[in-house]
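Overview (structure and organization)
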Number of protein chains: 2
Amino acid sequence: MPRQLPQPSRDSLDLITILAALADPVRLTLMRAMYTRPGADDCAAVADGIEVGAPTISHHYRVLREAGLTTTTVEGRRRVVTIRREDLEARFPGLLAAVLAPEPADQPARA
Amino acid sequence: MPRQLPQPSRDSLDLITILAALADPVRLTLMRAMYTRPGADDCAAVADGIEVGAPTISHHYRVLREAGLTTTTVEGRRRVVTIRREDLEARFPGLLAAVLAPEPADQPARA
DNA sequence: GGTAACGTTCGACGGATGTCAAAGTATTTG
DNA sequence: CAAATACTTTGACATCCGTCGAACGTTACC
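Chain A is annotated in an unreviewed UniProt entry as Transcriptional regulator from Pseudofrankia asymbiotica.

Here's what the structure looks like:
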């Protein structure tokens, strides 16, 4: 049976905590990967290509979960992490889209 | 003549830096005050009611400006700080609205 | 010129944060 | 059971961050 790790309730989500959680290159990369990639991905798959050690990735996933950005489910010996889209949209409408949307290329499109 | 303090160009705005700048209670309060209050406010007026010393307020205004969130203009012996709405909307559409919009009351409205 | 007003800069201090290596905990597989 | 897999936890370390008191510019006003 998939067990779910503790996470803050929707009502107790705090914007400062959420912004602080997003204000890190590794965590923003993880969030973007989960956001653009549909379906639930496991930790290792998403973290693939990030140049920090496993303990650091684990630490960042914990920060995201404790900030209320993600839900972590234990499935066997792997963790499945998903973004709490509904809760976040309910409390801070438009935030995820504004922050995680792929940025337009730095060079303006030439006709 | 009003002199303008140095600030990053629109193209060099960095999301991580912006999120980090917003992820502080004092700075978020300053931004909200400037956002909801139309027209340009001077530092002291906006900072009124925040419980930290003057050097700290000054420090936070600098962080906001260096992150590209605000423009600071020197007018005589006071500074006028305004949010760079156009630049921010161009680079990160919807971000200001999502972050600075007054949060709905924590208690759900009862009919 | 002298003084008050407004804000900045400097230096210091304590607490938080990101990272890693080493050891630990479940869980699956042979 | 033993070994391998997939993460986590712990402890340490360096760095960054928010805050303050004190001193410093500028500008305005008498």
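1. Section: the protein's contact with DNA strand C
Among the 19 residues in the neighbourhood of DNA strand C, the closest are listed as R27, G53 and H60 of chain A together with S58 and R62 of chain B. Take the atoms of DNA strand C that sit within 4 Å of the protein: sugar and phosphate atoms are 73% of them. Within the side chain of R27 of chain A, an N or O atom sits 2.9 Å from a phosphate oxygen of DNA strand C. For the surface near DNA strand C, the secondary-structure elements that each account for two or more residues are α4 (54-67) of chain A together with α3 (43-47), α4 (54-67) and β4 (78-83) of chain B. Here the surface near DNA strand C is built from residues that sort into six nonpolar, six polar and seven charged.

2. Focus: the pairing of β4 of chain B
Residues and elements named next belong to chain B. Pairing between strand β3 (residues 70-75) and β4: six bridges, direction antiparallel. Looking at β4, one finds that V74 is bridged to R79. Between β3 and β4, which pair antiparallel in sequence order, lie two residues; one of them, G76, sits at a positive phi of approximately 60 degrees.

3. Describing the pattern of salt bridges
All names here are of chain A. Evaluated as defined, the whole model comprises six salt bridges over all chains. Linking E66 and R62 is a salt bridge whose minimum nitrogen-to-oxygen distance equals 3.1 Å. In this pair, E66 and R62 are both assigned in helix α4, four residues apart and thus about one turn of the helix distant. A relative accessible area of 46% means that R62 is categorised as partly exposed. Two residues, D87 and R84, come together in a salt bridge whose shortest N-O distance is 2.9 Å.

4. Let's talk about the relation of the copies chain A and chain B
Superposing chain A onto chain B takes a rotation of 180 degrees plus a shift of 0.0 Å along the axis, which leaves an RMSD of 0.0 Å. Each copy turns onto its partner about a two-fold axis. The residues that chain A uses at the interface reappear at the interface of chain B in 100% of cases, marking a shared surface.

5. Focus on the packing of helix α1 (residues 15-22) of chain A against helix α1 (residues 15-22) of chain B
One can describe the packing of α1 of chain A onto α1 of chain B by two numbers: an axis separation of 8 Å at closest approach and a directional angle of 150 degrees. With respect to α1 of chain B, the element α1 of chain A is oriented roughly antiparallel. Helix-helix and strand crossings are classified by hand; for α1 of chain A and α1 of chain B the assignment is left-handed. Where α1 of chain A abuts α1 of chain B, its residues I16, L19 and L22 of chain A lie against I16, L19 and L22 of chain B. Residues of the contact of α1 of chain A with α1 of chain B, tallied by class, amount to six nonpolar, no polar and no charged.

6. Some points on the interface of chain A and chain B
Listed by partner, the interface residues are 19 residues for chain A and 19 residues for chain B. Here chain A and chain B share an interface that buries about 1500 Å² over both sides, 71% of which is from carbon and sulfur atoms. On the chain A side of the interface with chain B, the three residues burying the most area are I16, L19 and A98 of chain A, jointly 31% of the side's total. Applying the counting criterion to the chain A and chain B interface returns zero residue pairs in polar contact (both at pLDDT 80 or more). Mapped by element, the contributors of at least two residues to the side of chain A that touches chain B are α1, α2 (25-36) and α6 (95-100) of chain A. Here the element with the most residues in the side of chain A that touches chain B is α1 of chain A; it accounts for five residues. Taken together, the residues of the side of chain A that touches chain B break down into 13 nonpolar, one polar and five charged.

7. Brief notes about α2 of chain A
Residue and element names in this part refer to chain A. With twelve residues, α2 should reach 16 Å at 1.5 Å per residue; the first-to-last C-alpha distance of 16 Å fits that figure. Buried residues of α2: V26, R27, L28, L30, M31, A33 and M34, and no others. One side-chain oxygen at the N-terminal end of α2 lies 2.9 Å from the backbone nitrogen of V26; it belongs to D24.

Conventions we followed
- Residues numbered from 1 in each chain as written.
- Chains lettered and ligands numbered in written order.
- Predicted model: local features only at pLDDT ≥ 70, side-chain atom pairs only at ≥ 80, totals over all residues.
- Heavy atoms only, no water.
- Near = heavy atom within 4 Å.
- Polar contact = N/O pair within 3.5 Å; in protein donor to acceptor, adjacent residues only side chain to side chain.
- Helix = DSSP H or I, 4+ residues; strand = E, 2+ residues; numbered from the N terminus.
- Nonpolar A, V, L, I, M, F, W, Y, C, P; charged D, E, K, R; others polar.
- Pairing = 2+ DSSP bridges.
- Salt bridge = Lys/Arg side-chain N within 4 Å of Asp/Glu carboxyl O.
- Buried < 20%, exposed > 50% of the residue type's maximum accessible area, 1.4 Å probe, protein only.
- Least-squares fit on C-alpha atoms with pLDDT ≥ 70 in both.
- Contact = heavy atoms within 4.5 Å.
- Axes fitted to C-alpha atoms, helices over the stretch in contact; angles between N-to-C directions.
- Parallel < 35°, antiparallel > 145°, perpendicular 65-115°, else oblique.
- Left-handed = near helix turned anticlockwise from the far one by under 90°.
- Buried area = accessible area lost by both parts, 1.4 Å probe.
- Expected span 1.5 Å × (residues − 1).

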